[in-house]
Amino acid sequence: MQDLMESVQTEFDFSLPRGLVDPDSGAVYKEGTMRLATAADEILPMRDPRVQQNPAYLTVILLSRVITRLGNLTNINPRVIEGLFATDFAYLQEMYNRVNQNGSNAVATQCPSCGQRFEVEVEAVTPGEE
């Protein structure tokens, strides 16, 4: 049982397509870490009045609970998530779904030439850097 627990990946690094701009310093934070969600992460936010008034706010709270680091920020709260560009918010929503449904940040794909199936770790691509 202990060997199984040691082999489960619970944290996933990411790199945002745009990055969070720190309003105080102007620094741009792109690199971060997200952990797997717990049942409490998904249940407890349902009691939050912001979620009850606007169910779309659930994602903001979920992400603030599971993102453990963004740049040098380690206290990730809903205000931080609200400050993300829409592109980065969408990227993190998709990543949250992948890691919590699949247990990895990879997507299955297939080579168009030979038909070989394999998984590719998802990375953000900043427009203009493709």
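The structure displayed is predicted, hence computed values, not measured ones. (Residues numbered from 1 in each chain as written. Predicted model: local features only at pLDDT ≥ 70, side-chain atom pairs only at ≥ 80, totals over all residues. Heavy atoms only, no water.)

Observations regarding the sheet that holds strand β2 (residues 28–35)
Within a beta sheet, neighbouring strands are joined by backbone hydrogen bonds and run either parallel or antiparallel to one another. If you walk across this open sheet you meet the three strands as β1-β2-β3, and the pairing is antiparallel. This sheet does not close on itself; its edge strands, each paired only once, are β1 (11–21) and β3 (67–70). Taken pair by pair, the neighbouring strands of this sheet meet at an average axis angle of 25°, ignoring direction. For β2 and β3, the ladder comprises three bridges, and the chain directions are antiparallel. What sits directly across from T33, in β3, is R69. The strands that helix α6 (residues 86–102) touches are β1, β2 and β3; relative to β1, the one it contacts most, it runs at about 170°. (Pairing = 2+ DSSP bridges. Helix = DSSP H or I, 4+ residues; strand = E, 2+ residues; numbered from the N terminus. Axes fitted to C-alpha atoms, helices over the stretch in contact; angles between N-to-C directions. Contact = heavy atoms within 4.5 Å.)

What to know about the pairing of β2
Judged from the seven bridges that link them, β1 and β2 form a sheet pairing that is antiparallel. In the sheet register, D13 faces β2, and the bridge partner there is T33.

Considerations on the nonpolar core
In this structure, F14, M34, L63, I67, L70 and L92 are the most contacted members of the largest nonpolar core, which totals 24 residues. Breaking this core down by element, the ones donating at least two residues are β1, β2, α4 (58–66), β3, α5 (78–82) and α6. Those residues in contact with L92 that lie beyond four places of it in its chain are F14, L16, M34, L63, I67 and L84. (Core = buried A, V, L, I, M, F, W, Y, C linked by side-chain atoms within 4.5 Å. Buried < 20%, exposed > 50% of the residue type's maximum accessible area, 1.4 Å probe, protein only.)

So, the pattern of salt bridges
This structure, assessed with the given rule, holds four salt bridges. With a closest N to O distance of 2.7 Å, R50 and D48 form a salt bridge. In this structure, the salt-bridge partner of R79 is E82, at a minimum N-O distance of 3.1 Å. Pair noted here: R79 and E82 are both in helix α5, with a separation of three residues, about one helical turn. Owing to a relative accessible area of 66%, R79 belongs among the exposed residues under this scheme. For E82, a relative accessible area of 38% translates into the label partly exposed. Within the structure, one salt-bridge network assembled from shared partners comprises R35, D41 and R65. (Salt bridge = Lys/Arg side-chain N within 4 Å of Asp/Glu carboxyl O.)

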